[in-house]
Amino acid sequence: NAGVTQTPKFQVLKTGQSMTLQCAQDMNHEYMSWYRQDPGMGLRLIHYSVGAGITDQGEVPNGYNVSRSTTEDFPLRLLSAAPSQTSVYFCASSHFMNTEAFFGQGTRLTVV
Amino acid sequence: AQSVTQLGSHVSVSEGALVLLRCNYSSSVPPYLFWYVQYPNQGLQLLLKYTTGATLVKGINGFEAEFKKSETSFHLTKPSAHMSDAAEYFCAVSAGGTSYGKLTFGQGTILTVHP
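So, here's what we can say about the structure. Everything numeric in this text was worked out from a predicted model, so none of it was measured.

### Examining the sheet that holds strand β1 (residues 4-7) of chain A
All names here are of chain A.
Consideration 1: Strand order in the open sheet formed by 4 strands is β1-β3-β8-β7, with antiparallel pairing between adjacent strands. In the strand order of this sheet, the two ends are held by β1 and β7 (64-66), each with one partner. Averaged over neighbouring strand pairs, the angle between their axes works out to 20° when direction is ignored.
Consideration 2: Direction of pairing for β7 relative to strand β8 (residues 76-78): antiparallel, over a ladder of 3 bridges. Among the inter-strand pairings, tyrosine 64 is bridged to a residue of β8, identified as leucine 78.

So this is what it looks like as C-alpha cells:
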C-alpha cells in the first residue's frame, strides 16, 4: 500500500515555465488537496477536490490549476512559474468517513 | 472561518523534560482538531486528533492533547522528551462535514531537544 505518492521530489524551473506536479493515492479516498509550505506560514491550501470531476479553490489558488479526472490522481499545474511559487508542495488525501489526512512526501520547487 | 495560532515558533527542552506545545483555534462550528509532526525533508504524520467525545486524546509516541472548548485550546504535551521528538509540529483545525480534509494549519513550532 503506497499511500500518497508525489513526483517529482525536486524541481528547478525558470520563470515563465510551466509544469505539472503529480499526485496519486491508492486508498480510494474521495478527498484530495494540495498545500504549499513556506517558512513561518505553516501549510496553506491551494486547491482541493471532493471527488472525480469536482474541484474548488483554497486559500492561495492564483497561478495554479487542478483537475480530477480519476479518484486516484490529482495533478497540480503551474501555468507560468514565478519566484513567489518557490515552496514545498504537499498533496494529501482523506476519506469522508475518516477525518485523518494522509500526506505525500512533498515536492520541493525552486523557481529562478 | 477557522484559524489556528501556535504560540512559540521555537521551543527548546532538555531530554526527559516536559514538552508543551500550545495551540489556540477559532472556529464558527464545532471543530475537529489535529496535531501533525514533520521530520526533516518528510511529509506530515498524524500524531493525534480530536473529533468528538473524550476531550483528552492520546496519540503516538507518548503525546497527548486536551481539547478545552472554554479556552479554545488544544495544547500538545508529552511528559518526558526524547531526542527523537525533535521535529516541527503543526496544529490544524477542520470544520468536519463536507470540509473533511480541508485543514487550516498553524504556523508550526520547531521542537529542539537538548541532551
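### Looking at the interface of chain B and chain A
Consideration 1: Taken residue by residue, the interface counts 21 residues in chain B and 22 residues in chain A.
Consideration 2: Summed over both partners, the interface of chain B with chain A comes to about 1,700 Å²; 55% of that surface belongs to carbon and sulfur atoms.
Consideration 3: Between the two partners, chain B and chain A, sit 0 salt bridges.
Consideration 4: The tally of links between chain B and chain A comes to 3 residue pairs in polar contact (both at pLDDT 80 or more).
Consideration 5: Those elements giving two or more residues to the side of chain B that touches chain A turn out to be β4 (32-38), β5 (44-50) and β9 (87-94) of chain B.

Basis of the calculations
Residues numbered from 1 in each chain as written. Chains lettered and ligands numbered in written order. Predicted model: local features only at pLDDT ≥ 70, side-chain atom pairs only at ≥ 80, totals over all residues. Heavy atoms only, no water. Pairing = 2+ DSSP bridges. Helix = DSSP H or I, 4+ residues; strand = E, 2+ residues; numbered from the N terminus. Axes fitted to C-alpha atoms, helices over the stretch in contact; angles between N-to-C directions. Contact = heavy atoms within 4.5 Å. Buried area = accessible area lost by both parts, 1.4 Å probe. Salt bridge = Lys/Arg side-chain N within 4 Å of Asp/Glu carboxyl O. Polar contact = N/O pair within 3.5 Å; in protein donor to acceptor, adjacent residues only side chain to side chain.

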